[in-house]
Amino acid sequence: MDSSLIFRRTLVYRVAATLGVTLAAPVAFVGCGAKVVVDSESTGAGGAGGAGGTSSTNSTTDATSSSTGTTACEGTGPLTSFLACFPSTGLTCPPTNEAHGAIAESLDICSCLHSVDAGPKPDPSGNGFCCYDTTIETTCAIGRPLRAEDGPAVAPVEATRRGWSDEPLAPNVEGLSAEAREVLAERWIRDGLFEHASVAAFSRLALVLLAHGADESLVRAAHEAALDEVRHARLSLSLAAAYRGAPVAPRGLPEALSLPLDEGLRELAVSTVIEGAVGETLAAVLAAEQAERASDPAVRRVLASIAEDEARHAELAFRIISFTIAAGGAPVRDAVARAFRDAAGRLPPPPAEPQLAPAVAAAHGHVPCADARAAFVRAMDEVVMPLGRALVEA
Ligand SMILES: [Fe+2]
Ligand SMILES: [Fe+2]
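Keep in mind it's a predicted model, so treat the numbers as computed, not measured.

Looking now at the overall build of the chain. For the chain, the helix and strand inventory stands at nine helices and seven strands. Long-range pairs, those at least 24 residues apart, make up 83% of the contacts in the chain between residues at least 6 apart in sequence. For the chain, the exposed surface amounts to about 16600 Å²; the carbon and sulfur share of it is 54%.

Here it is in structure tokens:
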């Protein structure tokens with residue numbers, strides 16, 4: 001059995017035991033948006049986690065339908081097409097140009113509505129919902145992002161400043177060209193900045209949990225997770241510094257001073273599904289996969305340690321969701337069920353592939369885009385969805 005499979009199995013059974021839930025057959029949630037379909041012309045570099053489109057597995061585009069959608073977001077995140085569905089409020093489903101409001105309302109915080117392209121179409125789940133070919137723009141990171149007003153925020157980077165990259169890590173740079181070293185440095189800087197921003201995201205989460213009267217163990221775990229992210233930022237930036245041969249550090253992150261703390265139980269539950277149950281699980285599984293393939297001992301050690309921590313953060317997310325359901329009852333449970341269902345059709349794009357020879361990329365902890373995407377699908381099917389289903393049915 002390969003070690004990434006062991007990692008996923010260990011994670012799903014560990015979380016199930018912690019939650020005291022029983023796992024049903026390992027099948028994915030099926031329902032609105034369950035088709036994972038992606039625009040093959042995805043726009044380039046997105047936010048966290050990088051760029052690149054996701055491959056199309058089931059194009060739902062009806063070539064005979066005209067696009068009457070309107071653009072509602074202006075970011076630069078990758079575009080994803082999927083079948084969006086919502087319960088009908090009348091005898092018939094509204095035409096395409098009147099469906100924007102209901103679809104926009106159903107989107108999670110990681111997405112904004114790009115266009116409603118065609119519909120209404122039959123609901124493949126058989127629930128009689130109104131379904132439309134829809135294109136959204138994904139704006140979130142893999143892992144827990146710092147949500148600012150206009151998308152995930154990271155600090156600018158400052159070259160040559162010490163303080164965040166002093167871990168004695170020594171990846172093997174022998175034989176690497178200066179260009180290859182810089183590509184690897186940039187990758188770890190990007191990761192490090194998102195890890196650094198996650199510190200603020202967990203600090204905010206700890207305050208929100210306190211506000212809602214969460215148990216001591218949840219509040220403590222949120223603070224511990226913030227410290228884990230400090231360590232991840234330090235490890236990532238230290239690897240970057242080693243590849244570059246010079247220190248590197250984040251500048252200030254002023255967005256941390258204006259984080260919205262006014263989050264109701266239902267909003268906390270839904271954001272935790274997206275950022276924690278999905279985001280942290282995908283981050284953990286991807287890091288485990290990268291660690292398994294990395295032959296460089298320093299890189300492998302960093303990735304394995306990050307994978308272990310992110311798995312614990314995913315577990316924390318499921319515990320928080322369980323807490324919100326217990327505290328908020330049926331409305332929160334329904335919102336959670338919907339969030340998991342929606343998440344099934346919204347895989348974030350995998351990190352961009354670096355401009356490196358495949359052997360060098362693999363040795364230094366990259367997996368090809370297609371493999372990363374496959375790892376995400378396995379993480380959703382084998383970990384996120386079975387646990388989500390067990391939680392809402394408990
Ligand atoms: Fe992290
Ligand atoms: Fe994390």
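Next comes the rest of the account.
All told, the structure shown has two aromatic pairs when counted by the stated rule. Ring centres 5.7 Å apart and planes at 10 degrees place the aromatic pair F86 and Y132 in the stacked group. Taken together, the positions of F86 in strand β1 (residues 79-86) and Y132 in strand β3 (residues 130-138) put the pair 46 residues apart, joining distant regions of the chain. Given the relative accessible area of 10%, F86 is considered buried. Judged by relative accessible area, Y132 falls into the buried class, the value being 0%. Aromatic pair F318 and F340: ring centres 6.1 Å apart, planes at 10 degrees, arrangement stacked. One end of the pair, F318, is in helix α6 (residues 297-328); the other, F340, is in helix α7 (residues 330-343), and 22 residues separate them in sequence. When sorted by exposure, F318 lands in the same class as F340, which is buried.

Let us now look at the confidence of the model for the chain. When pLDDT is averaged along the chain, the result is 80; 79% of the residues meet or exceed 70. Here β1 is the element of the chain with the lowest mean pLDDT, 67, and helix α4 (residues 216-244) is the one with the highest, 97. For the stretch residues 26-72, pLDDT sits under 50, and the model shows 123 contacts to residues farther than four places along the chain or on other chains.

On to the state of the cysteines. The final tally for this structure, using the stated rule, is one disulfide. A sulfur-sulfur separation of 2.1 Å characterises the disulfide bridge that pairs C93 with C130. Disulfide C93 to C130: torsion about the S-S bond roughly -85 degrees, handedness left-handed. Separated by 37 residues along the polypeptide, C93 in the loop between β1 and α2 (100-106) and C130 in strand β3 bring together distant segments of the chain.

So, on to the coordination of the iron ion (ligand 2). Taken together, E229 (OE), E280 (OE), E310 (OE) and H313 (ND1) make up the full set of protein donors to the iron ion (ligand 2), lying 2.0 to 2.4 Å away. The site at the iron ion (ligand 2) holds four donor atoms, and with the angles between them running 67 to 150 degrees, its shape is irregular. Donor residues for the iron ion (ligand 2) sit on one chain with the sequence pattern E-x50-E-x29-E-x2-H. A spacing of 3.6 Å is found between the iron ion (ligand 2) and the iron ion (ligand 1), which share E229 as a donor. Taken together, the residues span a long stretch of sequence, with E229 in helix α4 and H313 in helix α6 at a distance of 84 residues. On the basis of relative accessibility, which here comes to 1%, the residue E229 falls in the buried class. A relative accessible area of 3% means that H313 is categorised as buried.

Scanning the model with the defined rule gives 23 salt bridges in all. The closest approach of N and O atoms between R187 and D191, which form a salt bridge, is 3.2 Å. Remark: D191 and R187 occur in helix α3 (residues 178-211); sequence separation between them is four residues, near one turn of the helix. When the shortest N-O distance is used, the salt bridge between E216 and R220 registers 2.5 Å. Linking E216 with R220, this pair stays in helix α4, spanning four residues, or about one helical turn. Here E216 falls in the exposed class, since its relative accessible area comes to 52%. Three or more residues joined by partner-sharing salt bridges are found here, namely D228, R231, D309 and R312.

So, about the environment of G128. Relative to the assigned elements, G128 resides in the loop between β2 (111-121) and β3. Residues G128 and P87, 41 residues apart in the sequence, show an inter-C-alpha distance of 7.4 Å. Aside from chain neighbours lying at most four places away, what touches G128 is S88 and D123.

Spanning 25 residues, helix α9 (residues 369-393) covers 34 Å between terminal C-alpha atoms, matching the ideal 36 Å at 1.5 Å per step. Of all the bends found along α9, the most pronounced is centred on M380 and spans about 40 degrees.

Attention now goes to the nonpolar core. One finds L209 and V336 to be the most contacted residues of the largest nonpolar core, which totals 83 residues. Elements supplying a minimum of two residues to this core: α1 (3-19), α3, α4, α5 (265-293), α6, α7 and α9. Sort the elements by how many residues they give to this core and α5 lands first, with 13 residues. Here L209 is in contact with A214, L218, V219, A222, L268 and I320, once residues within four sequence places are set aside. The next biggest cluster of nonpolar side chains, apart from the first, holds eight residues, and it includes F86, L113, V116 and C130.

Mapping L83 onto the fold places it in strand β1. The exposure class assigned to L83 is buried, which follows from its relative accessible area of 6%. For L83 and G119, which are 36 residues apart along the polypeptide, the C-alpha to C-alpha distance reads 9.4 Å.

Ideal geometry at a metal centre: 109.5 degrees between donors when four sit tetrahedrally, and 90 or 180 degrees when six sit octahedrally. E195 (OE), E229 (OE), H232 (ND1) and E310 (OE) make up the full set of protein donors to the iron ion (ligand 1), lying at 2.0 to 2.3 Å. Classification of the site at the iron ion (ligand 1) rests on its four donor atoms, whose angles at the metal span 82 to 139 degrees, yielding the label irregular. Going along the chain, you hit the donors of the iron ion (ligand 1) in the pattern E-x33-E-x2-H-x77-E.

Conventions adopted
Residues numbered from 1 in each chain as written. Chains lettered and ligands numbered in written order. Predicted model: local features only at pLDDT ≥ 70, side-chain atom pairs only at ≥ 80, totals over all residues. Heavy atoms only, no water. Helix = DSSP H or I, 4+ residues; strand = E, 2+ residues; numbered from the N terminus. Contact = heavy atoms within 4.5 Å. Areas by Shrake-Rupley, 256 points an atom, 1.4 Å probe, with all protein chains shown as cover. Phe/Tyr/Trp six-rings, centres within 6.5 Å; stacked < 30°, edge-to-face > 60°. Buried < 20%, exposed > 50% of the residue type's maximum accessible area, 1.4 Å probe, protein only. pLDDT = per-residue confidence, 0-100. Disulfide = S-S within 2.5 Å. Donors = N, O, S within 2.8 Å, 3.2 Å for Na, K, Ca; no water. Tetrahedral: all angles 85-135°; square planar, octahedral: opposite > 155°, others 65-115°. Salt bridge = Lys/Arg side-chain N within 4 Å of Asp/Glu carboxyl O. Expected span 1.5 Å × (residues − 1). Bend = angle between axes of the 7 residues up to and from the residue. Core = buried A, V, L, I, M, F, W, Y, C linked by side-chain atoms within 4.5 Å.

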